[in-house]
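Chains, contacts and geometry: an overview
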Amino acid sequence: MTLATPVLHTARLRLRPFTGADADVLFALHSSALVMRYWDSPPWDERARAERFIDMCGKMADEGTGARVAIERASDGAFVGWCGLTGWNPDYRSASLGYVLAEAMWGHGYATEAARAVLRWAFDTLDLNRVQAGTDTRNVASARVLEKIGFLREGTLREDCVVNGEVSDSWVFGLIRREWRPAAVPTAAREERR
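Attention in this report is confined to the structure presented alongside it. (Residues numbered from 1 in each chain as written. Predicted model: local features only at pLDDT ≥ 70, side-chain atom pairs only at ≥ 80, totals over all residues. Heavy atoms only, no water.)

Take the overall build of the protein chain next. Broken down by element type, the protein chain carries four helices and nine strands. N-terminal to C-terminal, the α/β element order of the protein chain is β-β-α-α-β-β-β-α-β-α-β-β-β. The C-alpha atoms of the protein chain give a radius of gyration of 16 Å, which matches the 16 Å a tight globule of 194 residues would have. Counting only C-alpha atoms and orienting by the principal axes, one finds that the protein chain spans roughly 40 × 40 × 35 Å. (Helix = DSSP H or I, 4+ residues; strand = E, 2+ residues; numbered from the N terminus. Rg over C-alpha atoms; globule rule 2.2 N^0.38 Å.)

Here we come to helix H4 (residues 140-148). Buried within H4 are the following residues: Ser-142, Ala-143, Val-145 and Leu-146. End-on, the buried residues of H4 take up no more than an arc of 155°, which puts them together on one face. Along H4, the residues that are exposed and aim more than 90 degrees away from the buried face are Arg-144 and Lys-148. Looking at the buried positions of H4, the neighbouring elements they touch are strand S5 (94-101), helix H3 (110-124), strand S6 (130-136) and strand S8 (166-176). A positive backbone phi angle near 110° is found at Gly-150, which sits one or two residues after H4. (Buried < 20%, exposed > 50% of the residue type's maximum accessible area, 1.4 Å probe, protein only. Arc of directions from axis to C-beta. Contact = heavy atoms within 4.5 Å.)

Okay, the pattern of salt bridges next. If you walk through the whole model with that rule in mind, you get 16 salt bridges. Linking Arg-16 and Asp-22 is a salt bridge whose minimum nitrogen-to-oxygen distance equals 2.8 Å. Of the two residues, Arg-16 and Asp-22, both sit in the buried class. Bridged by salt links that share partners, the residues Arg-14, Arg-16, Asp-22 and Glu-72 form one connected network. (Salt bridge = Lys/Arg side-chain N within 4 Å of Asp/Glu carboxyl O.)

Moving on, we come to the packing of helix H1 (residues 23-30) against helix H2 (residues 48-63). Here H1 crosses H2 at 110°, and the two axes come no closer than 8 Å. In terms of orientation, H1 and H2 fall into the roughly perpendicular class. Crossing handedness for the pair H1 and H2: right-handed. Taking contact as the criterion, the partners of Ala-23, Leu-26 and Phe-27 in H1 are, on H2, Ala-50, Glu-51, Phe-53 and Ile-54. Grouping the constituent residues of the contact of H1 with H2 by class yields six nonpolar, no polar and one charged. (Axes fitted to C-alpha atoms, helices over the stretch in contact; angles between N-to-C directions. Parallel < 35°, antiparallel > 145°, perpendicular 65-115°, else oblique. Left-handed = near helix turned anticlockwise from the far one by under 90°. Nonpolar A, V, L, I, M, F, W, Y, C, P; charged D, E, K, R; others polar.)

Attention shifts here to the packing of aromatic side chains. Overall, the coordinates contain five aromatic pairs when judged by the stated rule. Ring plane angle 85° and centroid distance 5.6 Å describe the contact between Phe-18 and Phe-53, whose orientation is recorded as edge-to-face. Of this pair, Phe-18 sits in the loop between strand S2 (13-16) and H1 while Phe-53 sits in helix H2; the two residues are 35 residues apart in sequence, bridging distant segments of the chain. In this structure Phe-18 comes out as buried when scored by relative accessible area, which is 11%. (Phe/Tyr/Trp six-rings, centres within 6.5 Å; stacked < 30°, edge-to-face > 60°.)

Here it is in structure tokens:
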């Protein structure tokens, strides 16, 4: 089953499918050691990884396993990062949320705003019952974003990642449909119909 990648709007952001034109900014994002510090893989060292990522986003949508959207500022079209759902399981009505933002975009509330828009789409359009997310235990800023949008920390996965020889723990967060507070989403958030 195909899963159409949405175009979503919030008060300050536009979330849209990736295109080939995003390869350079996507490579810049994922090649930053600072941005990828708490990610479960090392920074990219070749631009072709960005092209494969974009192709994988299309394949994921075609196979119906998830959707990733590029985030851009509505005011000037500046690339903010990306947000998405992976591991979509229509039988269990569940998926996993993930996001990565460029360093210059940190601290402006963009991750919270984008994630809320994706969650609204997930619960309203995909009829999900549960969304899960994970973060490195040292990534306190990401944990705050997840808590701010309603996720509860459900546990710790001890030493579950080894990246560049560094062992780390992860927190697992979950959000259940009945605990979701859509009123927290700005009224300007909407899905573009095509």
